[in-house]
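# Per-entry structural report
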Amino acid sequence: MDAIQKEMGHVMPAFTRAECSLEEVKSGKALPGYQEIKCYLVFNLKIDFMRKARFVAGSHMTDPPASMNYSSVVWRETVRIALLLAALNVLDVCAADIGNAYLNAPCKEKIWVTAGPEFGENAGKPMIIERALYGLKSSGAAWRQMLSDSIKKMGFASSKGDPDLYFKPQVKDDGTKYYEYLLVYVDDILCVSHKMAAIMEELAARYRLKEGSVGPPERYLGADTKITQASSGLECWAMSSDSYVREAVKVVEQFQECDGKKWKKPTTPFPRLNYQPELDDSPLLEPEMISRYQQLIGILRWSCELGRLDILLEVSLLSAFSAAPRVGHSDAVYHMFAYLRKHNSAAITFDPTMPDFGIDFNHYDSWEE
């Protein structure tokens, strides 16, 4: 009940009571051009056992909007480059999460709903949805446009290479020129700047930032982030999939028990160095095990996306057989999870110093014919 009251407290400003009766609306005498929808309360139990409720709209009952409703997000590669620039220009990095983001934007659709008991004294009355309620087809695009306009009013410009990367020329106290950046993934903000406090204060004046979300990022886009010391001795940012890999291994441990597999302690991702999946002639998997194989491949591919580059080749080779995997392919996948279980810590470090390859690239004598 507390979760419902908390959610409805945030959602209620998105509704306006219609100045007519429910019968007039249903008969078409009032609110012409408006569509009726139903709304739902979705419940979830978070990792910290906190109960969460989300009030969402049933957009399956509405017609597609006439305007484009695509909403882009920042690329992961852009985030990595931004963290590299932070170390290169000695800039601070700060993350923030905007609370009930969609509800800040106006609703682009003409819809109404019959209020339920969670609306209190307005229960049973027609309510017009004025804000971009979660679940509506146009809400993502409406919120993205509103936030983009707000950031541009702060003096930032959108990058042509990634429209969800915003930059603004700035000058440090010592006169050094640099660019400060804002990266946006729906409601998750990542700021790279030497003057962090001013930007966060301006964002907080426009939107409600979740309590405890403002500060150096510990996780961003599913990856662990932290400041580390590179081999060059410079402090820089690093991203890893350690938390995800640990949770994934726990899931696979349950699969191991069901499938009668035993854990090994491998030193390489593949069962043997000369293993070639395309030459595997073991029996094909049963249909129910094909689904399991595809699920495991999906977990491995996401691990690679978050930074496990050491298994990228092996995962790519095994992914090619997702449609018709064999027993040997399945064993290789379980072997790879055993490898991740033993080697569960790896990170991509964004060190801006030039690596020493031990090769003189300016020496052209060897290029002469």
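Our subject is the structure listed above.
Report follows, based on the coordinates. Counting restarts for each chain: residues are numbered from 1 in the order of the written sequence. Predicted model: local features are reported for residues with pLDDT of at least 70 only, side-chain atom pairs are reported and counted for 80 or more only, and whole-chain, interface and lining totals are derived from all residues. As a rule here, side-chain values come from all non-hydrogen atoms in the structure, and water together with hydrogens is ignored.

## What to know about the environment of Pro 117
Structurally, the position occupied by Pro 117 is in the loop between strand E6 (111-114) and strand E7 (126-129). Along the primary structure Pro 117 and Asp 149 are separated by 32 residues, whereas in three dimensions their C-alpha atoms are 36 Å apart. Under the scheme used here, helices are H or I runs from DSSP no shorter than 4 residues and strands are E runs no shorter than 2 residues, and both carry numbers assigned from the N terminus.

## With respect to the side chain of Gln 170
Considering the arrangement of structural elements, one finds Gln 170 in strand E9 (residues 165-171). Polar contact criterion, stated in full: a pair of N or O atoms within 3.5 Å, where within protein one must be able to donate a hydrogen and the other to accept it, and residues adjacent in sequence count only if both atoms are side-chain atoms. At 3.3 Å, the side chain of Gln 170 forms a polar contact with the side chain of Glu 180. Not counting residues within four places of it along the chain, the set of residues in contact with Gln 170 comprises Thr 176, Lys 177, Tyr 178, Glu 180 and Lys 195. We call two residues contacting when some pair of their heavy atoms lies within 4.5 Å.

## Things to note about the state of the cysteines
Note: disulfide means a covalent bond formed between the sulfur atoms of two cysteine side chains. Only a pair of cysteine sulfur atoms within 2.5 Å qualifies as a disulfide here. Overall, the coordinates contain zero disulfides when judged by the stated rule. Considering cysteine sulfurs only, Cys 39 is the nearest to Cys 20, which forms no disulfide, with 17 Å between them. For Cys 39, which is in no disulfide, the shortest distance to another cysteine sulfur is to Cys 107 and amounts to 10 Å.

## Concerning the sheet that holds strand E14 (residues 235-240)
Spatial strand order, E12-E13-E14-E15: four strands in an open sheet with antiparallel pairing. Of all the strands in the sheet, just strand E12 (219-220) and strand E15 (347-349) have a single pairing partner and so form its edges. Judged from the six bridges that link them, strand E13 (residues 223-229) and E14 form a sheet pairing that is antiparallel. Bridging from a neighbouring strand, Lys 226 pairs with Ala 238 of E14. Axis definition: a line fitted to C-alpha atoms, over the contacting stretch in the case of helices. Angles run 0 to 180 degrees between N-to-C directions. Strands in contact with helix H3 (residues 76-88) are E12, E14 and E15; relative to E14, the strand with the most contacts, it is inclined by about 160°. By the convention used here, strands pair only if DSSP detects at least 2 bridges between them.

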